[in-house]
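Now for the letters of each chain:
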Amino acid sequence: MAIAIFTTIHDNEAMTTFDDIEVRRPGIAQAYLALLAAQPGRPLALFAPRRVGKTFFLDHDLAPKAKEAGMLPVYADLWLHKSAPLEAVNHALEEALDDLRVPRSHLGKLAKTPVKKIGALGASLDLGDEPQRRPLPESAALRLDALVTRLARQHKGQVLLMLDEVQTLGEVPDGVSLIASLRAVLHKRREDVAAVFTGSSQEGLARLMTTAGAPMYQFAQIIDFPFLGDEFLRLLAAHFSKVHPGKTLEMVELRDGFQRIGFKPALMRDVVKAMSAEGITDVARGIDNYMASGHQVAIWRALLNSVDAFDQGVLVVVAKGQPPLSQATLETLATIPGSKPTISKVRSSIEKLKRNGLLSKNAGGTTIDDPLFAEFLSKKGSMGLALPIA
Ligand SMILES: Nc1ncnc2c1ncn2[C@@H]1O[C@H](COP(=O)(O)OP(=O)(O)O)[C@@H](O)[C@H]1O
Ligand SMILES: [Mg+2]
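Throughout, residues of each chain are indexed from 1 in the direction in which the sequence is written. The lettering of chains begins at A and the numbering of ligands begins at 1, in the order of writing. Local features in this predicted model are restricted to residues whose pLDDT is 70 or higher, and side-chain atom pairs enter the listing and the counts only when it is 80 or higher, whereas totals over whole chains, interfaces and linings include all residues. Neither water nor hydrogens contribute to the side-chain values; these are computed over all heavy atoms in the structure.

Caption draft 1: Quick look at the overall build of the chain. Broken down by element type, the chain carries 18 helices and nine strands. Counting over 390 residues, the chain shows a buried share of 43%. Long-range contacts, defined here as pairs at least 24 residues apart, represent 71% of the contacts in the chain between residues at least 6 apart. Accessible surface is estimated by sampling points in the Shrake-Rupley manner with a 1.4 Å probe; for residues, cover comes only from the protein chains shown. A total accessible area of about 20300 Å² is found for the chain, and carbon and sulfur atoms account for 57% of it. Secondary structure elements follow DSSP: runs of H or I no shorter than four residues count as helices, runs of E no shorter than two count as strands, and numbering proceeds from the N terminus. The buried label applies to any residue whose accessible area, calculated with a 1.4 Å probe on protein chains only, is under 20% of its type's maximum; exposed applies above 50%, and partly exposed to all values in between. Residue contacts follow a heavy-atom distance rule, with two residues in contact if any of their heavy atoms lie within 4.5 Å.

The following block contains the structure:
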């Protein structure tokens, strides 16, 4: 009772800062679950750039909806475990299995342990061994198979496997065979498991599909994950007006600004917070100020300094919209002291920068992944290259 009252008070006080602003998208989660149910064995692959809210969605929208539907959501971030992605998946499944199998209290654990022998006079009670199963297979692929089956049986319902940043699989040496294993298990155990992947790089996805041949392409349904929209911007504007009575942020300006920063909600929130601190309502100016702030410039400098002078030059060239493999580019890059630019050097620099997440490839060709960083770079490089830039 006391807890219920407390919760109500807490709810009423919610949404008191910009940081509390969150958009929930249960409808989208529901739609994805319906798609999964309609095509057993076929995962969904949600693709969108970095920082637009994919992980947030898995955690706050998809997992709760899946639970409501009787599924057991299991999450693994493959990017965090680049060197051994399949092991990371297995580990997540093992943790989930432990959570189900080992009851929280010691009492519960004892109660599950069968009595092995009762003394002749009924005086001594001997507890049997802890509950045990056949050991799991050694190979990661076989373990995945066994774990999925056991987990679904234990849960008495379907497992929803959520694999975040799945393009990582395209970047590991044995990626092709990993994908084949994953695909085989998800198909064979389609009664027991459904899967949702996310990915941040179109390039990574393309590589996954081509290196694995037809499998991945036919196997996963690829979906463009939708950006947040007016709902989020309206909440920002409403809170701004609450803090600054009489001042309003125009929706048109907010929309333009949100697009300019690449639809990244945390970044947009920071911009509006800074505008609130300054008391300004012009969103374009707010973004300009934000970009010029010492803090932001320091972050970009650090990002730029994380790569060598040649790579910095390539970033600037791309930011300025110059075709990276052109003669003009080679001439520009030749102004970097000590560099002897060749097409193949530029190519391998681009590959490296893509792996670092600084560049990405989309329909428009190779671009800087973060549009604000692109603006910063194009300004930096406007007077010839004059490297080192930072
Ligand atoms: N629906 C949302 N409502 C409010 N803020 C969000 C929402 N989704 C994401 N964010 C904010 O954006 C940040 C980045 O989102 P995240 O899910 O990590 O992006 P991604 O996984 O696409 O890289 C989050 O930490 C959160 O602050
Ligand atoms: Mg993420």
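Caption draft 2: Layout of the site of ligand 1. The criterion for a residue being near a molecule or strand is simple. One of its heavy atoms has to lie within 4 Å of it. Around ligand 1, 15 residues are found, and the nearest of them are Val23, Arg51, Lys54, Phe56 and Arg269. Whenever a nitrogen or oxygen atom comes within 3.5 Å of another N or O atom, the pair is scored as a polar contact, on the condition that within protein one atom can donate a hydrogen and the other can accept it, and that pairs from neighbouring residues in sequence are kept only if both atoms are in side chains. In the model, an oxygen atom of ligand 1 is placed 2.7 Å from a nitrogen or oxygen of the arginine 51 main chain. Note that an oxygen atom of ligand 1 is positioned 2.7 Å from one of the side-chain N or O atoms of arginine 269. When the free accessible area of ligand 1 is taken as 560 Å², the share hidden by the protein chains comes to 86%. Within the residue set of the shell around ligand 1, elements represented by two or more residues are helix H3 (54–68) and helix H12 (265–278). Polarity classes work like this: nonpolar for Ala, Val, Leu, Ile, Met, Phe, Trp, Tyr, Cys and Pro, charged for Asp, Glu, Lys and Arg, and polar for all others, with Gly in that last group. In terms of residue class, the shell around ligand 1 is made up of eight nonpolar, two polar and five charged. For the domain bounds, the source is a domain assignment made automatically or taken from a database. When residues of the shell around ligand 1 are assigned to domains, at least three fall in each of domain 1 (24–111 + 137–224) and domain 2 (230–297).

Caption draft 3: Region of interest: helix H18 (residues 371–380). Among the residues of H18, Leu372, Phe373, Ala374, Phe376 and Leu377 are the ones counted as buried. Buried positions along H18 lie against helix H11 (251–260), H12, helix H13 (283–292), helix H14 (294–305), helix H15 (309–319) and strand E9 (365–368). Its side-chain oxygen 2.9 Å from the backbone nitrogen of leucine 372, aspartate 370 forms the N-cap of H18.

Caption draft 4: Spatial organisation of the packing of aromatic side chains. Any two rings among Phe, Tyr and Trp, with Trp reduced to its six-membered ring, count as a pair given centres within 6.5 Å; such a pair is stacked if its planes are under 30 degrees apart, edge-to-face if over 60, and tilted if neither. Counting across every chain of the model gives eight aromatic pairs. Seen from their ring centres, phenylalanine 258 and phenylalanine 263 are 5.4 Å apart, and the 80 degrees between their planes marks the pair as edge-to-face. Taken together, Phe227, Phe232, Phe258 and Phe263 form an aromatic cluster joined through their ring pairs. Lysine and arginine charges are scored as sitting over a ring when NZ or CZ, respectively, is within 6 Å of the ring centre and within 35 degrees of the ring normal. Stacked on the ring of tryptophan 79, the Lys or Arg arginine 50 has its end atom at 5.9 Å from the ring centre. It is lysine 82 that lies over the ring of tryptophan 79; its NZ or CZ is 3.7 Å from the centre.

Caption draft 5: Focus on the sheet that holds strand E6 (residues 193–199). One bridge is not enough; two strands pair if DSSP finds at least two bridges between them. Strand order in the open sheet made by the five strands is E2-E5-E6-E1-E7, with parallel pairing throughout. Each of the sheet's edge strands pairs with one partner strand only, and the pair in question is strand E2 (72–77) and strand E7 (221–224). Within the sheet, the average angular offset between the axes of one strand and its neighbour, ignoring direction, is 20 degrees. As a rule, the C-alpha atoms of each element are fitted with a line to give its axis, helices using only the stretch in contact, and angles between N-to-C directions run from 0 to 180 degrees. Sitting on the sheet, H3 touches strand E1 (44–47), E2, strand E5 (159–164) and E6, and the angle it makes with E5 is about 180 degrees. In this fold helix H7 (residues 175–188) packs onto E5 and E6, with an angle of close to 145 degrees to the strand it touches most, E6.

Caption draft 6: Structural detail: the nonpolar core. Remark: nonpolar core denotes a set of buried residues (Ala, Val, Leu, Ile, Met, Phe, Trp, Tyr, Cys) joined through side-chain atoms within 4.5 Å. Phe232, Leu254, Met268, Leu315, Ile368, Phe373 and Leu377 are the most contacted members of the largest nonpolar core, which has 49 residues in total. A total of seven residues in this core trace back to one element, the largest contributor, which is H15. Taken together, domain 2 (230–297) and domain 3 (308–383) each give at least three residues to this core, which thus spans both. Contact partners of isoleucine 368, with chain neighbours within four places excluded, come to Leu315, Val318, Ala319, Leu358, Leu359, Phe373, Ala374 and Leu377. Formed by 35 residues, the second largest nonpolar core is a distinct cluster that contains Ala76, Leu144, Leu161 and Phe219.

Caption draft 7: Broad picture of the environment of leucine 325. Mapped onto the fold, leucine 325 is located in the loop between H15 and helix H16 (327–333). For leucine 325, a relative accessible area of 38% translates into the label partly exposed. In this view, leucine 325 contacts Ile343, Val346, Arg347 and Ile350; residues no more than four positions away in its chain are not counted.

Any link to function would need more than the numbers given here.
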